[in-house]
Amino acid sequence: MVGFKPDNEVHLSHTEHGLAGAFSGMIGRAVCQPLDVLKIRFQPEVYKSSVSSQLQVSPITKSSGSKYHGLIHAFHSIIKDEGVTALWKGHIAAQMLSVVYGVVQFSVYEILTEKFFEITKRDSKVNHFVCGGGAGCVATVACQPFDVLRTRFVAQGEPKVYKSIHHACLSMYKQEGILSFYKGLWPALLQVAPQSALSFGFFNVLSHSWKQFFHHENESLGENYEYCKTLGK
């Protein structure tokens, strides 16, 4: 179960929860990276920086300045122009993002739910909403540099603006300063806070309801079975 539960028979450590989050993030990122590439290619503005003119962006609707005229056309064009591996552009930075985000988010969520229980002395559903939002925000702040790097690697076409992660970090630092690694942080936090809160909060509510329903159903079946045995005697 995700989140600290005082009635659980076995409690995983914060490290174990973090590792579980890391591996789940790695698998999800590897499978869904092509969709992330397509999404970023269709964003009309990636970053208004000194290199933005060299990054490939295209509106989702067809226009005279569009490079891609739809998702299928974009998919085929990327493979044709840049090769199949282009669908996994920025994958290293993206995996770093997913792993760190998974570790931080799940670990912080476990720590916060446990501390909230120690303070309030009850496992409130509200706690899970609040802790979920807080965990998402902490993870976003920790991972924003990886997200910026991922976006820039995915958006660049040919010729490449950045040759490697090391080159990208040096170029961004020299040309735009340290704060360039945190561009878009506030909008990201505004999105992640409610999203993470609702995800963890409703997961807790629904899993609790599901457990109650089936537990009650199993108890009812057991009572009916005993009643039938009594009638048969």
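To be clear, the structure that these remarks concern was listed above.
Residues numbered from 1 in each chain as written. Predicted model: local features only at pLDDT ≥ 70, side-chain atom pairs only at ≥ 80, totals over all residues. Heavy atoms only, no water.

Turning our eyes to something else, we now look at the pattern of salt bridges. Scanning all chains against the criterion turns up 8 salt bridges. A salt bridge links Lys89 to Glu82; its shortest N-O distance comes to 2.7 Å. Look at Glu82 and you get buried, because its relative accessible area is 16%. One network of salt bridges, in which partners are shared, links Arg29, Asp36, Lys39, Asp147 and Arg150. (Salt bridge = Lys/Arg side-chain N within 4 Å of Asp/Glu carboxyl O. Buried < 20%, exposed > 50% of the residue type's maximum accessible area, 1.4 Å probe, protein only.)

Core analysis: the largest hydrophobic core is formed by 11 residues, namely Val37, Leu38, Ile40, Phe42, Tyr68, Ala74, Ile78, Ala86, Leu87, Val154 and Ala155. At the level of secondary structure, the elements contributing two or more residues to this core comprise helix 1 (14–41), helix 2 (71–82) and helix 4 (125–155). Here this core takes 3 residues from helix 1, the largest share from any one element. Within the second largest apolar cluster, 9 residues are counted, among which are Val148, Phe153, Tyr162 and Phe181. (Core = buried A, V, L, I, M, F, W, Y, C linked by side-chain atoms within 4.5 Å. Helix = DSSP H or I, 4+ residues; strand = E, 2+ residues; numbered from the N terminus.)

A cluster of nonpolar side chains, contributed by Leu19, Phe23, Met26, Ile27 and Val31, occupies part of the molecular surface with about 510 Å² of accessible area. With respect to the helices and strands, Ile27 occurs in helix 1. Overall, the relative accessible area of 59% leaves Ile27 in the exposed class. (Patch = residues over 30% accessible without salt bridge, like charges linked within 9 Å, V, L, I, M, F, W, Y side chains within 5 Å. Areas by Shrake-Rupley, 256 points an atom, 1.4 Å probe, with all protein chains shown as cover.)

On to the packing of helix 4 against helix 5 (residues 165–176), then. Remark: helix 4 packs on helix 5, axes separated minimally by 11 Å, with the N-to-C direction vectors making an angle of 105°. Classified by the angle between their axes, helix 4 and helix 5 sit roughly perpendicular to one another. Contacts between helix 4 and helix 5 involve Val148, Leu149, Arg152 and Phe153 from the first element and Ile165, Ala168, Cys169, Met172 and Glu176 from the second. In the contact of helix 4 with helix 5, the residues fall into 7 nonpolar, no polar and 2 charged. (Axes fitted to C-alpha atoms, helices over the stretch in contact; angles between N-to-C directions. Parallel < 35°, antiparallel > 145°, perpendicular 65-115°, else oblique. Contact = heavy atoms within 4.5 Å. Nonpolar A, V, L, I, M, F, W, Y, C, P; charged D, E, K, R; others polar.)

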